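A look at the structure
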Amino acid sequence: MVYFVATPIGNLKDISLRALEILHESDVIFCEDTRHSLKLLNFYDIKKPLKSCHKFNEREAARKIIDEARAGKTVAVISDAGMPVVSDPGNIVCAELKREKIEYSVIPGANAFLSALVLSAMPAERFAFIGFLPEKAGEKKQFLEKYKNLDMTLCFHSAPQDVERDICAMYSVFGDRKACAVREITKIHEEAVEFSLSEGLSGEKRGEYVLLVAGAEESENELVKLSEKEHILRYMQGGMEKMDAVKQAAKDRGISKSEMYKFSIDL
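In this text the structure is predicted, and so the values were computed from the model without any measurement.

Reading guide: rules and limits
- Counting from 1, residues in each chain are numbered in the order their sequence is written.
- Whole-chain, interface and lining totals are the exception, using all residues; otherwise, since this is a predicted model, local features are given only for residues with pLDDT of at least 70 and side-chain atom pairs are given and counted only at 80 or more.
- The basis for every side-chain value is the complete set of non-hydrogen atoms in the structure, without hydrogens or water.
- Whether two strands pair depends on DSSP finding at least two bridges between them.
- In this text, helices come from DSSP runs of H or I with a minimum length of four residues, and strands from runs of E with a minimum of two, each type numbered from the N-terminal end.
- An axis is simply a line fitted to the C-alpha atoms; with a helix, the fit covers only the stretch in contact. Between two such axes, the angle follows the N-to-C directions and lies from 0 to 180 degrees.
- Any two residues having at least one pair of non-hydrogen atoms within 4.5 Å are treated as being in contact.
- We call a set of buried residues a nonpolar core when its members are Ala, Val, Leu, Ile, Met, Phe, Trp, Tyr or Cys and they connect through side-chain atoms within 4.5 Å of each other.
- Each residue's exposure class comes from its accessible area (1.4 Å probe, protein chains only) as a fraction of the maximum for that residue type: buried when under 20%, exposed when over 50%, partly exposed otherwise.

Let us look at the sheet that holds strand 3 (residues 50-52). In space, the five strands of this open sheet follow the order 3-2-4-1-5, with parallel pairing throughout. With one partner strand each, in any of the chains shown, strand 3 and strand 5 (104-107) form the two edges of the open sheet. With direction set aside, neighbouring strand axes in the sheet form an average angle of 25 degrees. Of the strand pairs in this sheet, strand 1 (residues 2-5) and strand 5 are connected by four bridges, and their pairing is parallel. Within strand 5, the position partnered with Y3 by the bridge is S105. Here helix 2 (residues 34-43) sits on the sheet in contact with strand 2 (28-31) and strand 3, set at roughly 145 degrees to strand 3. Along the sheet, helix 3 (residues 58-70) makes contact with strand 1, strand 2, strand 3 and strand 4 (75-77), crossing strand 2 at roughly 165 degrees.

Here it is as structure tokens:
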């Protein structure tokens, strides 16, 4: 049997009794980073053979997991923190297990973005988990365009070195919105800092972040139902200069500024 086991995202005591039971009973544990996982396993005096399963060797690791399971062994799969598969290795393994008709289960537990959603106090009746953004600036913006009209809280993961660029990309696509940066969840320096995309997040960036961004206002969605000229005019009536209005309306509609400009010539 193969088990995908959630591990703590900060405080090592945030692990379920069942997770500890499975880890103790496993014949082998596949880890994202064996050195990182040893801290948790040593804390609970769990001594098991460790093998790597990370994003660069996941398909190869999947074959090893299948072989171990077929040999009748109990296999645990863990990531560095939180739930495997969710912005962590494991999805390829799941797909291969399904394809090979090998039974597997999940041991639920800590999850960073759900914990951050609670700490942010942002609307949680509906939300979308987006995860990490692409690295290149152009790809970030293109990726974000797909989500700008969702009227629900958007949840992102962001590494400390990427936070400022990610927020800049969000502002360029979404416009100004309320946001919250959550980091160090369950640790001593846990914090949830509210900010606006236009102002950005101040201070030194340390630790992994979850960025929560407000969804599109209903008015934003309604604007795209107007004609192109009415759309531009609505922004101008709100105080925008014409070229700024053209630029924003083009972003709203996902078209180029030059294509939108022709509708503003006689305004």
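Formed by 22 residues in total, the largest nonpolar core has its most connected members in L144, F156, M170, F174, L197 and V213. Of all the secondary-structure elements, those providing two or more residues to this core are strand 6 (127-131), helix 6 (137-145), strand 7 (153-158), helix 7 (163-174), strand 8 (178-183) and strand 10 (209-213). Counting residues per element, this core draws most heavily on helix 7, which supplies six residues.

Attention now moves to unusual backbone geometry. Phi angles above zero are rare outside glycine, and V85 is one such case at about 85 degrees. Along the chain, V85 falls in the loop between strand 4 and helix 4 (91-99). For V85, a relative accessible area of 27% corresponds to the partly exposed category. One non-glycine residue with positive phi stands out, namely S87, at about 60 degrees. Mapped onto the elements, S87 comes out in the loop between strand 4 and helix 4.

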